[in-house]
Amino acid sequence: WSTDTLEEIRNKPKRETHKSGVKEFDDLTGGLRPQQMVGVGAQSGHGKTAFGLWLLKQYESLNPVLLPLEQSSEELIEQRDENGQFVPKYLSPKKHSAFVNPDWIEERIVEAIAKYNSQLIMLDHMGYIEDGEDYRREAEPLRIEKKLQAIKHLAIKWNVTIVILIQLTHLEEE
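These lines cover the structure that appears in this document, whether it is placed above or below. (Residues numbered from 1 in each chain as written. Predicted model: local features only at pLDDT ≥ 70, side-chain atom pairs only at ≥ 80, totals over all residues. Heavy atoms only, no water.)

### Things to note about helix α3 (residues 48–58)
For α3, every residue scored as buried is listed here: K48, G52, L53, L55 and L56. End-on view of α3: buried residues confined to an arc of 155°, all on one side of the axis. (Buried < 20%, exposed > 50% of the residue type's maximum accessible area, 1.4 Å probe, protein only. Helix = DSSP H or I, 4+ residues; strand = E, 2+ residues; numbered from the N terminus. Arc of directions from axis to C-beta.)

Okay, here's the thing in C-alpha cells:
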C-alpha cells in the first residue's frame, strides 16, 4: 500500500543528493542522487554534449568520467584543450568502435570507480549502445527501453549516477 511505502520512506535516513551550485538547475532537479539514471535528449546539434560537459564541470567533486561513444576521446580532449575549456576524465575504447554493449560499459564503470572514485558517469550517446541479439528484430521503442533498463541496473548495482545523452530523431509531420 502506498501509505505503508510512504511511512517506510519517511523513516529511512535521507538519501544523499549532490547539488550543482546553480540554483535554477538544483531547484529543477533536486540534485543528482546515487543509483539514479538521468536521460538528456535532443536532436543532433542542439547542445547535448556541451550541456553534458557543463554538467561534468559542475559536479567535479563526484570525480565524473565521460564515456564518449560518438567521438574519440583524443578528438574531444584536443578540441577542449585548444579552446581552453574544462577537460574531464575520459574512458573510451582504444580503437573507436561503432558500438559497445552494457558489459563494456560496466567494465568502464568499475574502472572509473577504482581509478578515480567516480560517482558520476556520463554516456555520450545512447545510439552507440548495442541492445543485444535478443532484441534485434523488436520495435525500436522496446529496444530503447531495454537499453535504458540495462543502464539503470548498472547505476543501482554500482551506486553511481549515470547521465545518458540521447539523440532524438525529428519526424516530419504529414
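### A look at a negative patch on the surface
A contiguous patch of negative charge, built from E74, E75, E78, D81 and E82, is present on the exposed surface. Position of E82 among the secondary structure elements: in helix α4 (residues 73–82). On the basis of relative accessible area, E82 is assigned to the exposed category, the value being 61%. (Patch = residues over 30% accessible without salt bridge, like charges linked within 9 Å, V, L, I, M, F, W, Y side chains within 5 Å. Areas by Shrake-Rupley, 256 points an atom, 1.4 Å probe, with all protein chains shown as cover. Salt bridge = Lys/Arg side-chain N within 4 Å of Asp/Glu carboxyl O. Lys, Arg positive; Asp, Glu negative; His and termini not counted. Charge placed at Lys NZ, Arg CZ, Asp CG, Glu CD.)

### A few points about the sheet that holds strand β5 (residues 161–168)
The five strands lie next to each other as β1-β5-β4-β2-β3, forming an open sheet whose pairing is parallel. Each end of this open sheet is capped by a strand with a single partner; those strands are β1 (37–43) and β3 (89–90). Both strand β2 (residues 65–68) and strand β4 (residues 120–124) contribute to a ladder of four bridges, which runs parallel. Along β4, the bridge assignment pairs L66 with M122. Seen against the sheet, helix α5 (residues 102–116) touches β2, β3, β4 and β5 and runs at an angle of roughly 155° to β2. (Pairing = 2+ DSSP bridges. Contact = heavy atoms within 4.5 Å. Axes fitted to C-alpha atoms, helices over the stretch in contact; angles between N-to-C directions.)

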